[in-house]
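Residues per chain, in single letters:
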Amino acid sequence: DQQVKQNSPSLSVQEGRISILNCDYTNSMFDYFLWYKKYPAEGPTFLISISSIKDKNEDGRFTVFLNKSAKHLSLHIVPSQPGDSAVYFCAASAGGSNYKLTFGKGTLLTVNP
Amino acid sequence: KAGVTQTPRYLIKTRGQQVTLSCSPISGHRSVSWYQQTPGQGLQFLFEYFSETQRNKGNFPGRFSGRQFSNSRSEMNVSTLELGDSALYLCASNPSGSSYNEQFFGPGTRLTVL
């Protein structure tokens, strides 16, 4: 049973527009959520995170929103740039055991010039 | 500061063989986790080591094992390789494995089982 789901395998947006990547989770014990970006032949790179006590966290062009009641989070990238083209993974952890992350299967974002 | 390094980067083995992969964490990081990435299953947690002790293990068969040395370097071993073990194996390090620290990933080892 997949506890973290990214239902869109791919997303294509124009440069300068907003990219919205979505993630749903089923485990109520998850209390910390992270987004990672991955380029081919490289390991995932941490982007941004959010604790369950917050509903929004912002870092430059990246904002993560958390809706606990819906068990849903989203990553907004504004404005999108061609260099943002990568696979984005949503991940979650429970009870401070952040060394054990449960990942979604990823969304391939393509930003077209 | 150097990042997480993994060796080798690429490996080709045949069914039934065994393989050992190595991971050197970021200097000062004491927690090392291993993940398997496959196209069908995404990234799945294998196990985590902290101060030479395995603290948690994912749902993988006993053919997958690991260890950590006193300098925090870690190895994982897969015995009796199967075709389905072909994957990217990622290592991640964390300062202490405590709450709410992000994991820093290495570039991975691409294992192909023929």
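Quick notes on the rules
Residues numbered from 1 in each chain as written. Chains lettered and ligands numbered in written order. Predicted model: local features only at pLDDT ≥ 70, side-chain atom pairs only at ≥ 80, totals over all residues. Heavy atoms only, no water. 1 Å grid on protein atoms, 1.4 Å probe; cavity = no way out; pocket = protein on both sides within 12 Å on 5 of 7 lines; lining within 4 Å. Points joined across faces, edges and corners; volume = space filled by probe spheres on them. Helix = DSSP H or I, 4+ residues; strand = E, 2+ residues; numbered from the N terminus. Nonpolar A, V, L, I, M, F, W, Y, C, P; charged D, E, K, R; others polar. Contact = heavy atoms within 4.5 Å.

J.: Help me get a handle on the layout of surface pockets, residues and values and all.
T.: Estimates place the volume of the largest pocket at around 580 Å³. Looking at the largest pocket, it is lined by 23 residues, and the ones nearest its centre are Gln3(A), Thr102(A), Gln44(B), Phe45(B) and Asn59(B). Going through the elements one at a time, strand S9 (86-94) and strand S10 (102-103) of chain A together with strand S5 (42-50) and strand S6 (53-57) of chain B are the ones with two or more residues in the lining of the largest pocket. With 3 residues, S5(B) is the single largest residue contributor to the lining of the largest pocket. Taken together, the residues that form the lining of the largest pocket break down as 7 nonpolar, 12 polar and 4 charged. Forming the boundary of the second largest pocket are Lys38(A), Val87(A), Phe89(A), Lys105(A), Gln37(B), Thr38(B), Pro39(B), Gly42(B), Leu88(B) and Arg110(B). Of all the secondary structure elements, the ones that give two or more residues to the lining of the second largest pocket are S9 of chain A together with strand S4 (31-38) of chain B. Its residues assigned to classes, the lining of the second largest pocket shows 4 nonpolar, 3 polar and 3 charged.

J.: Describe in detail the environment of Ser10(A), supporting the description with residues and values.
T.: All names here are of chain A. By the element assignment, serine 10 lies in strand S2 (residues 10-14). Placed 96 residues apart in sequence, serine 10 and glycine 106 show a C-alpha to C-alpha distance of 8.4 Å. When neighbours within four sequence positions are excluded, serine 10 is seen to be in contact with Thr107 and Leu108.

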